[in-house]
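Structural overview
This is what each chain is made of:
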Amino acid sequence: MLFAHDTECSLIAAAALVNTDGTDGEGLPDVAALDAFFVAHSYSGRHEHTEAELESVRELRPRLRRIWHADADEIVRIVNGLLREHNALPQLITHDDEPYHIHAVPRDAPLATRMAVEAAMAIADLVRSGELSRLRTCERPGCDDVLVDLSKNRSRRFCDASCGNRAAVSAYRARKAAAAQR
């Protein structure tokens, strides 16, 4: 583990949230999809299951996406803005049989607020440790998904295995075509 468990979980969830608004269409088309996202990323606390909550989560995505494309100073401005806007006050807590970890807003804060602050706190850890290069965009042409490279050797290039496989197949076909033209 490179970072604290809650930091890694928040980074992965933030990238997944950003990727729900990609070229493949709307990844959070309805409240049921938000419910599934909530469970898949082990969020806890308040969850209203409403269209208003869904819309507030969707509105967070462009702001988080900017983090993957910004320089360090802009990332700091975004993170500080999110923390100020939501009156974040970091505290160590434990719940649901989880070890102590940091929450910066109450568990009954709106879901979009908790998502924003958890992402901001995790990104702050990357800034403090000089690890912003771990925030990347998928290298497969045509894919604009983001990823967090948590590998020890910083070798992750694709958002998921399917993009890696597509890139490998494309490279293989290009090599075969070049060999056939010789």
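A brief structural summary. (Residues numbered from 1 in each chain as written. Predicted model: local features only at pLDDT ≥ 70, side-chain atom pairs only at ≥ 80, totals over all residues. Heavy atoms only, no water.)

1. A look at the overall build of the protein
A count of helices and strands for the protein gives six helices and six strands. Across the protein, helices and strands are ordered from the amino to the carboxyl terminus as α-β-β-α-α-α-β-β-α-β-β-α. Seen along its three principal axes, the alpha-carbon backbone of the protein occupies a region of about 65 × 35 × 35 Å. For the protein, with 182 residues in total, the buried portion stands at 41%. Counting only contacts in the protein whose residues sit at least 6 apart along the sequence, the fraction spanning at least 24 positions is 51%. In the structure as shown, the protein presents an accessible area of about 10200 Å², 52% of it carried by carbon and sulfur atoms. (Helix = DSSP H or I, 4+ residues; strand = E, 2+ residues; numbered from the N terminus. Buried < 20%, exposed > 50% of the residue type's maximum accessible area, 1.4 Å probe, protein only. Contact = heavy atoms within 4.5 Å. Areas by Shrake-Rupley, 256 points an atom, 1.4 Å probe, with all protein chains shown as cover.)

2. Remarks on the environment of Ile93
Assignment of secondary structure puts Ile93 in strand 3 (residues 91-93). Ile93 sits 83 residues away from Lys176 along the chain, and the two C-alpha atoms are 56 Å apart. Setting aside anything within four residues of it in sequence, one finds Ile93 in contact with Pro99, Tyr100, His101, His103 and Arg107.

3. A word on unusual backbone geometry
Positive phi, close to 55°, is recorded for Ser42, a residue that is not glycine. Position of Ser42 relative to the elements: it lies in the loop between helix 2 (31-40) and helix 3 (51-69).

4. Some details on the side chain of Arg134
The residue Arg134 is located in the loop between helix 5 (111-128) and strand 5 (135-137) in this model. You can call Arg134 buried: its relative accessible area is 2%. At 3.0 Å, the side chain of Arg134 forms a polar contact with the side chain of Glu131. Those residues within four positions of Arg134 in sequence are excluded, and the remaining contacts are Leu2, Phe3, Leu147, Val148, Asp149, Leu150, Ser151, Lys152 and Arg154. (Polar contact = N/O pair within 3.5 Å; in protein donor to acceptor, adjacent residues only side chain to side chain.)

5. Overview of the packing of aromatic side chains
This model, assessed by the stated rule, comprises two aromatic pairs. Each ring, one from Phe37 and one from Tyr43, has its centre 6.4 Å from the other, and the planes form 25°; the classification is stacked. In this structure, Phe37 and Tyr43 share a single accessibility class: buried. (Phe/Tyr/Trp six-rings, centres within 6.5 Å; stacked < 30°, edge-to-face > 60°.)

6. Overview of the packing of helix 2 against helix 5
Running from N to C, helix 2 and helix 5 cross one another at 40°; their axes reach a closest spacing of 13 Å. Taken as axis vectors, helix 2 and helix 5 run oblique relative to one another. The handedness of the crossing between helix 2 and helix 5 comes out as left-handed. Here Leu34, Phe37 and Phe38 of helix 2 come into contact with helix 5, specifically with Leu111, Arg114 and Met115. Across the contact of helix 2 with helix 5, the residue classes tally to five nonpolar, no polar and one charged. (Axes fitted to C-alpha atoms, helices over the stretch in contact; angles between N-to-C directions. Parallel < 35°, antiparallel > 145°, perpendicular 65-115°, else oblique. Left-handed = near helix turned anticlockwise from the far one by under 90°. Nonpolar A, V, L, I, M, F, W, Y, C, P; charged D, E, K, R; others polar.)

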